Amino acid sequence: MKISKAIAEHVAKVMTRPQAKVISALYEELQISVTTNYLASLPSEVKETFHTHPDYFRVTTSVYHFKIGGHVHFHNIDKPNTVYHLPEKLHKTYIPTDAEEKLARKKEKLELEHKRLILEIQQAVIALGTYKRVSEQFPEAIPHLPKLGRTEIMIDLTSLRSRVSQSVVSE
């Protein structure tokens, strides 16, 4: 049976799931660190208000490839879509710690390696093309391929044979 691009993508994603979990854990660790450090850097009055009236705050953490930051937005609990931002001069820009920068670089490097690995697995499985060739040359992928169904033609030939034999007898 030939292997489609969708099957190759599925195989690559399943085979690289452990790396994806490591990347996800690094991202969560980075988010926790940025949130904790950003909130610790806020003035004590803002933190006290936050602890006494948390419903009036929405805290977001942003971790992008080129920017790590944290922002506190105030919102009105009676109007859920109304958000108040601190004025630009008071809107504190978070400067990541060296450890956070290192963690972000490690995460980016692993993401790049993960994407490359997925692409290489896909290309290998597609190039091999069939279950038989994959089993011979890349057996690690076999457990992740969808199970083969029956490929024989399911035709009841007994009635056809009996009709053929009856037509021969009647001649």
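What you see as residue numbers is a count from 1 along each chain, following the sequence as written. A pLDDT threshold of at least 70 governs which residues receive local features in this predicted model, and a stricter bar of 80 or more applies before side-chain atom pairs are shown or counted, although totals over entire chains, interfaces and linings include all residues. As a rule here, side-chain values cover all heavy atoms of the structure and leave hydrogens and water aside.

**Student:** Would you mind showing me how to read the overall build of the chain here?
**Tutor:** From N to C terminus, the chain includes 6 helices and 3 strands. Counting all 171 residues of the chain, 26% fall into the buried class. For the chain, the share of sequence-separated contacts (at least 6 apart) that also reach a separation of at least 24 residues comes to 59%. Here the chain has roughly 12500 Å² of accessible surface; of this, 58% comes from carbon and sulfur atoms. Helix numbers and strand numbers start at the N terminus; a helix is a DSSP run of H or I with at least 4 residues, a strand a run of E with at least 2. Summary of the burial criterion: residues with accessible area below 20% of their type's maximum are buried, those above 50% are exposed, and those between are partly exposed, where the area comes from a 1.4 Å probe applied to protein chains only. Whether two residues are in contact is decided by their heavy atoms, any of which lying within 4.5 Å being enough. Accessible surface area values rest on a Shrake-Rupley calculation with a 1.4 Å probe, where residue burial reflects the displayed protein chains alone.

**Student:** What exactly am I supposed to notice about the nonpolar core here?
**Tutor:** The nonpolar side chains of a soluble globular protein tend to be buried, and buried together. The biggest cluster of nonpolar side chains holds 14 residues, and the ones touching the most others in it are Ile3, Val11, Val125, Val134, Phe138 and Leu145. Put simply, the parts of the chain that give this core at least two residues each are helix 1 (5–15), helix 4 (98–128) and helix 5 (131–137). Excluding residues within four positions of it along the chain, valine 134 makes contact with Ile3, Val125, Leu128, Pro139, Ala141, Ile142 and Leu145. Of all hydrophobic cores here, the second largest spans 5 residues; its members include Leu26, Leu30, Val34 and Leu103. In these notes, a set of buried Ala, Val, Leu, Ile, Met, Phe, Trp, Tyr and Cys residues joined through side-chain atoms within 4.5 Å is what counts as a nonpolar core.

**Student:** Would you explain helix 4 in this entry?
**Tutor:** Residue pairs three or four apart in sequence face the same way in an α-helix, which turns once every 3.6 residues. Residue count minus one, scaled by 1.5 Å, sets the expected span of a helix. A rise of 1.5 Å per residue sets the reference length of helix 4, with its 31 residues, at 45 Å; its end C-alpha atoms lie 45 Å apart and thus fit the reference within 8%. Of the positions making up helix 4, those classed as buried are Glu100, Leu103, Ala104, Lys107, Glu111, His114, Ile118, Ile121, Gln122, Val125 and Leu128. Glycine 129 sits one or two positions beyond helix 4 and adopts a positive phi of about 80°.

**Student:** Would you mind going over the environment of serine 135 with me for this structure?
**Tutor:** You can see serine 135 is positioned in helix 5. A distance of 2.6 Å separates the side chain of serine 135 from the backbone oxygen of lysine 132, its partner in a polar contact. Polar contacts, as counted here, are pairs of nitrogen or oxygen atoms within 3.5 Å of one another; within protein the pair requires one atom able to donate a hydrogen and one able to accept it, and residues that are adjacent in sequence qualify only if both atoms are side-chain atoms.

**Student:** Looking at this structure, I do not really get helix 2 (residues 17–41). What am I missing?
**Tutor:** The terminal C-alpha atoms of helix 2, which comprises 25 residues, lie 36 Å apart, in line with the 36 Å expected from a rise of 1.5 Å per residue. Those residues of helix 2 that fall on the buried side of the exposure criterion are Ile23, Leu26, Leu30, Val34 and Tyr38.

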